[in-house]
Amino acid sequence: MKQRILLIFVMTSLITALQAQKNSKTKAVTGYAITAADKGGRSWKEVRLVDITTGEVVKTIYDSKNETEALNARTGKPVVKKDGNNSKPVTATITTTPPVQQRKVVNLDEVLDKNSNNNVRTYTRVVMIRQSPSVDKPFSTNSAAMAYDKKHERLYYTPMSINQLRYIDLKSGKIYYFEDEPFGTAGRGDVNSQITRMVIAADGNGYALTNDANHLIRFTTGKKPEITDLGAITDDGQNEMRNIHTQRAFGGDMIADGSNNLYLITAGRAVYKISIENRSSSFLGTIKGLPEGFSTNGAMVEEGSKVIIASSESVAGYYRFDLNTLQAEKVSTSNDVFNASDLANGILAFEKKKKDKTDEPVAETKPVVADNATAKGQPQQDEGGVKSGIAVYPNPVTNGVVRLSFSEQPAGRYQVQLLDMSGRLINSKEININSESQIEEFRFPELSVKGNYLVRVTSEMNRVNVTNKVVVQ
């Protein structure tokens, strides 16, 4: 009996160890998300690079609280301001007899002075008449459609009801508008014609789709961009209840595969496959396994047939589903993430991975040394390492742990070193990178004092050498 109990204990321990090992090797992905300022918010004006596994913010791309000058995408000059947010007071006197009707006032500030005289009541109404919101601000009317242009390092998007294509240059942080160039036909309150889905396809072009699927808009991303309305998507008629033009197919997001097809994931969990060549669609089914109240508003490809989805309504986590089975499972470890109106990355579904040509000569990156400029807090590379494909976060460090996000780095062994500002080695760790997108943890020694440090990441044969300054608090 004791031997049997011992055997069970050993088997349980082995299974637990294997599971822990599996979890430690779980690969995470990062993606761009349009979010509110706070978790659970409904104002889609912020853009963040988020860690899908943990739900943490890797980097803030656009903060609506900061003033950002918008530039014309054709000329590079500042955009012409259209309007402001000024208001002017208007006084009106209204005389009524009882009973006074209660009227709901929308978007008005009122000050009522009431004078009673027998059965006659006089109201003096001071009304602030507000002009329409300024369209000059990058996300003034919110946005639910964004696409990541991997080739040019841009985030394309369109605001609600403004019908204008815009993009954020991730290298400079500047924002550009295609002024006076129609991008859709939606007006305020026109839900049918709102653009809420956008993606960069395998042909390198961007595609945006209106809610009613009557306008598929293509935009090129080269030196001379062109915007073209390709017209309506046709439905194969196989499932009348799931026609792509009905309100049940509104909202959501689009992804693309490596064969020039688009996939529409609606806010109501339905999935459609769209051929770009003939603009025809077919209903694939409905995503299964999502929690109640989880609308599917943002989507991006993880790899192969796996798709990451986010909800604009739920902060419970991020999920993945398989395009072959439409079965979903939770992918984030946190139960409190940023709900998002859109997700984007540069990965295509069913795309064949390129072989790592390790035998070919690779241009060696000059090692970064802790020289005087670095020691003065002026790192030679962008803080966070996003341009290099290696991001270090959070920064500042408060719990003794940093995460290193590797995006499209050569597979192989990497050395992570913790240095003080004089270049003295404090700690090191070896990691293996074998995925296009991978996140690893690096733990600071318990006796580390508060201050500035350097985190250096070096690959085999010194093909990749990146150094970032971090602050320990």
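The structure displayed is predicted, hence computed values, not measured ones.

**Some points on the sheet that holds strand β13 (residues 206–210)**
Moving on, step 1. Reading across from one edge, β12-β13-β14-β15 is the order of the 4 strands in this open sheet, with antiparallel pairing throughout. Lying at the two open borders of the sheet, with one neighbouring strand each, are β12 (195–200) and β15 (227–229). The sheet shows a mean angle of 20° between the axes of neighbouring strands, direction not considered.
Moving on, step 2. Bridging between strand β14 (residues 216–219) and β15 involves 3 bridges; their strand directions are antiparallel. When the sheet's bridge partners are listed, Phe219 is paired in β15 with Ile227.

**Section: the side chain of Asn261**
Moving on, step 1. Summarising the element assignment, Asn261 is placed in strand β18 (residues 261–265).
Moving on, step 2. Note on Asn261: relative accessible area 13%, which makes it buried.
Moving on, step 3. What Asn261 contacts, discounting residues up to four positions off in sequence, is Ile255, Ala256, Lys273, Ile274 and Ser275.

**A word on the packing of aromatic side chains**
Moving on, step 1. For the structure shown, the criterion picks out 13 aromatic pairs.
Moving on, step 2. When the centroid spacing of 5.2 Å and the interplanar angle of 35° are considered together, the rings of Tyr62 and Phe139 count as tilted. Here Tyr62, found in strand β3 (residues 57–62), pairs with Phe139, found in the loop between β7 (120–130) and β8 (143–149); they are 77 residues apart in sequence, far enough to count as distant. Like Tyr62, the residue Phe139 is buried in the burial classification.
Moving on, step 3. Ring plane angle 20° and centroid distance 5.1 Å describe the contact between Tyr167 and Tyr176, whose orientation is recorded as stacked. Across this residue pair, the class does not change: Tyr167 and Tyr176 are buried.
Moving on, step 4. Taken together through their ring pairs, the aromatic side chains of Tyr156, Tyr167, Tyr176, Phe178, Phe183 and Phe219 make up a single cluster.
Moving on, step 5. If you follow Lys39 out to its NZ or CZ, it ends over the ring of Phe338, 5.5 Å from the centre.
Moving on, step 6. For the cation-ring pair, Arg154 lies above Tyr167, with the distance from its terminal atom to the ring centre recorded as 4.4 Å.

**Considerations on the confidence of the model for the chain**
Moving on, step 1. Scored by pLDDT, the chain has a mean of 80; 75% of the residues are at 70 or more.
Moving on, step 2. Here residues 84–133 is a poorly scored stretch, pLDDT under 50, and it has 74 contacts once near neighbours within four places are set aside; other chains count.
Moving on, step 3. For the stretch residues 355–387, pLDDT sits under 50, and the model shows 49 contacts to residues farther than four places along the chain or on other chains.

**Describing the side chain of Ser275**
Moving on, step 1. Of note, Ser275 is situated in strand β19 (residues 270–275).
Moving on, step 2. For Ser275, a relative accessible area of 17% gives the class buried.
Moving on, step 3. A polar atom in the side chain of Ser275 sits 3.4 Å from the backbone nitrogen of Glu277.
Moving on, step 4. In this view, Ser275 contacts Asn261 and Ser280; residues no more than four positions away in its chain are not counted.

**Here we look at the nonpolar core**
Nonpolar side chains tend toward joint burial in soluble globular proteins.
Moving on, step 1. Grouped together as the largest cluster of nonpolar side chains are 23 residues, with contacts concentrated most on Tyr32, Val47, Phe139, Met146, Leu155, Tyr157 and Ile168.
Moving on, step 2. Put simply, the parts of the chain that give this core at least two residues each are β1 (30–35), β2 (46–51), β3, β8, β9 (154–159), β11 (175–177) and β26 (390–393).
Moving on, step 3. Not counting chain neighbours up to four residues away, the residues in contact with Val47 comprise Ala33, Thr60, Ile61, Tyr62, Phe139, Met146, Leu155 and Ile168.
Moving on, step 4. Judged by nonpolar contacts, the second largest core, of 20 residues, contains Phe406, Tyr414, Phe442 and Val470.

The rules behind each value
Residues numbered from 1 in each chain as written. Predicted model: local features only at pLDDT ≥ 70, side-chain atom pairs only at ≥ 80, totals over all residues. Heavy atoms only, no water. Pairing = 2+ DSSP bridges. Helix = DSSP H or I, 4+ residues; strand = E, 2+ residues; numbered from the N terminus. Axes fitted to C-alpha atoms, helices over the stretch in contact; angles between N-to-C directions. Buried < 20%, exposed > 50% of the residue type's maximum accessible area, 1.4 Å probe, protein only. Contact = heavy atoms within 4.5 Å. Phe/Tyr/Trp six-rings, centres within 6.5 Å; stacked < 30°, edge-to-face > 60°. Lys NZ or Arg CZ within 6 Å of the ring centre and 35° of its normal. pLDDT = per-residue confidence, 0-100. Polar contact = N/O pair within 3.5 Å; in protein donor to acceptor, adjacent residues only side chain to side chain. Core = buried A, V, L, I, M, F, W, Y, C linked by side-chain atoms within 4.5 Å.

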